[in-house]
Amino acid sequence: MRELQSLLSPHCGGAGDLNGAGAKIYNGATYLMDAEQAATILNLPRSAPSRVPVATSGFPKNSVYYIGYDGAFEGHFNRLYLVTDTANKVVAIQLVDEHPKGRWKSAAALAAATWSTYNFINTRMRASDTARVQALSKRQGNIIVIDTQVYQRVRTRVGRTNVDRYEEQEDAKLFIPTPFARIILHCAQIGLSKT
């Protein structure tokens, strides 16, 4: 919840409209658009999609779901998730690259990468201290984009010295309309006040 709060709050200052229906999220799909219509607009495969509850702390409890699709998106992402409410209306979209190819970073480059969550929709968190998570958020119009990457340490021996470098394991890009971001912030604040 704290990570969601710190990523979203800089972009949601002040009171705002919680409706925001029609705000463009991604490639023609809009906030509160019917999920089937969004799937058609995004050219997603026709299948019987199954809805899975989003269990990440901070999201509205028991009222947000995701539908996953395989494909090729933005050149390297292999999954797209339509995030929906109980009425099957789109509230966010996430792209995931589950198998990034050959992206490495040095230990020094990831020294400040202290996040835990690297995929908010699938509730994926780093499981050990040998992993590093980077997270950045930015606002693009009425959408907040959260980029996260998880890197796993790979230790190699160079002469008598161990050298650590980190290989990227997953890359996620989450598009959240500001009205829904305000709802998440509200839920996170309530959750944090109970701890």
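Residues numbered from 1 in each chain as written. Predicted model: local features only at pLDDT ≥ 70, side-chain atom pairs only at ≥ 80, totals over all residues. Heavy atoms only, no water.

It is worth spelling out the overall build of the protein chain at this point. In terms of regular secondary structure, the protein chain is built from three helices and twelve strands. For 195 residues, the compact-globule estimate of 2.2 N^0.38 gives 16 Å, and the protein chain sits close to it at 18 Å. The principal-axis extent of the C-alpha atoms belonging to the protein chain is close to 60 × 40 × 30 Å. Sequence-distant contacts, at least 24 apart, represent 56% of the contacts inside the protein chain between residues at least 6 apart. Counting 23 positive and 16 negative side-chain charges, the protein chain places the averaged centre of each group 5 Å from the other. (Helix = DSSP H or I, 4+ residues; strand = E, 2+ residues; numbered from the N terminus. Rg over C-alpha atoms; globule rule 2.2 N^0.38 Å. Contact = heavy atoms within 4.5 Å. Lys, Arg positive; Asp, Glu negative; His and termini not counted. Charge placed at Lys NZ, Arg CZ, Asp CG, Glu CD.)

Our focus in this paragraph is the pairing of strand S11 (residues 143-158). Residues in a regular strand project their side chains so that they alternate between the two faces of the sheet. Pairing of strand S10 (residues 131-140) with S11 involves ten bridges; the strand directions are antiparallel. The partner of Arg 139 across the bridge, within S11, is Ile 144. Here S10 folds back onto S11 in antiparallel fashion, the turn holding two residues, of which Gly 141 has a positive phi close to 65 degrees. Sheet analysis places S11 next to strand S12 (residues 161-177), joined by 16 bridges and oriented antiparallel. Following the sheet pairing, Arg 153 is matched in S12 by Tyr 166. Joining the antiparallel neighbours S11 and S12 is a turn of two residues, in which Gly 159 adopts a positive phi near 65 degrees. (Pairing = 2+ DSSP bridges.)

The next point concerns the pattern of salt bridges. Counting across every chain of the model gives ten salt bridges. Of the charged contacts in the structure, one is a salt bridge between Asp 70 and Arg 79, with a shortest N-O distance of 2.6 Å. Classification of Arg 79 by relative accessible area gives buried; the value is 16%. Counted as one network, the salt bridges with shared partners bring together Asp 97, Arg 103, Glu 168 and Asp 171. (Salt bridge = Lys/Arg side-chain N within 4 Å of Asp/Glu carboxyl O. Buried < 20%, exposed > 50% of the residue type's maximum accessible area, 1.4 Å probe, protein only.)

Let us look at helix H3 (residues 178-193). For H3, which comprises 16 residues, the first-to-last C-alpha distance of 22 Å matches the rise-based estimate of 22 Å (1.5 Å per residue) to within 8%. Along H3, the positions that sit buried rather than exposed are Thr 178, Pro 179, Phe 180, Ala 181, Arg 182, Ile 184, Leu 185, Ala 188, Gly 191 and Leu 192. (Expected span 1.5 Å × (residues − 1).)

Across the protein chain, pLDDT averages 89, with 95% of residues at or above 70. Here strand S7 (residues 104-106) stands out as the element of the protein chain with the lowest mean pLDDT, 83, in contrast to strand S6 (residues 90-97), whose mean of 97 is the highest. (pLDDT = per-residue confidence, 0-100.)

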